[in-house]
Amino acid sequence: MLATLMSLMLLTVLLWIGFKLTGALLLAFVWLFIKLPLSILIGGLGLLCCCTILLIPVGWMLMKSGMRILIS
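Notes on the structure follow. (Residues numbered from 1 in each chain as written. Predicted model: local features only at pLDDT ≥ 70, side-chain atom pairs only at ≥ 80, totals over all residues. Heavy atoms only, no water.)

Comments concerning the overall build of the protein
Per the secondary structure count, the protein includes two helices and zero strands. Over its C-alpha atoms the protein spans a radius of gyration of 23 Å, topping by over 25% the 11 Å that the globule rule assigns to 72 residues. For the protein, the spread of C-alpha atoms along the three principal axes comes to 75 × 15 × 5 Å. When the 72 residues of the protein are sorted by exposure, 10% land in the buried category. Taken as a whole, the protein presents about 6,100 Å² of accessible surface, with 87% of it coming from carbon and sulfur. (Helix = DSSP H or I, 4+ residues; strand = E, 2+ residues; numbered from the N terminus. Rg over C-alpha atoms; globule rule 2.2 N^0.38 Å. Buried < 20%, exposed > 50% of the residue type's maximum accessible area, 1.4 Å probe, protein only. Areas by Shrake-Rupley, 256 points an atom, 1.4 Å probe, with all protein chains shown as cover.)

Re a nonpolar patch on the surface
On the surface, a nonpolar cluster with roughly 810 Å² of combined accessible area is contributed by L25, L26, F29, V30, W31, L32, F33 and I34. The class of L32 is partly exposed, set by a relative accessible area of 40%. (Patch = residues over 30% accessible without salt bridge, like charges linked within 9 Å, V, L, I, M, F, W, Y side chains within 5 Å. Salt bridge = Lys/Arg side-chain N within 4 Å of Asp/Glu carboxyl O.)

As for helix α2 (residues 56-71)
Residue pairs three or four apart in sequence face the same way in an α-helix, which turns once every 3.6 residues. Along its 16 residues, α2 runs 23 Å from first to last C-alpha, staying within 8% of the 22 Å computed at 1.5 Å per residue. Within the sequence span of α2, burial applies to G59, L62 and G66. All buried residues of α2 project into a common sector of 65° when viewed along the axis, lining one side. Facing away from the buried side of α2, by more than 90 degrees, are the exposed residues P57, M61, K64, R68 and I71. (Expected span 1.5 Å × (residues − 1). Arc of directions from axis to C-beta.)

See below:
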């Protein structure tokens with residue numbers, strides 16, 4: 001009976017560690033392959049808009065939103 005409880009406890013701990021590692025890897029992949037390219041694209045578009053005098057406010061807004069995507 002004690003061996004069964006100990007093996008169930010060990011199995012629970014191993015599954016919990018696997019769940020935490022899987023979540024961390026998924027978060028890293030989402031940041032690397034979705035958030036980073038999107039923020040670089042939006043920041044580049046904002047920099048492009050800052051080249052014209054009329055679109056400077058739009059460029060600043062796009063660069064701020066690109067940084068906000070990258071940080072959050």
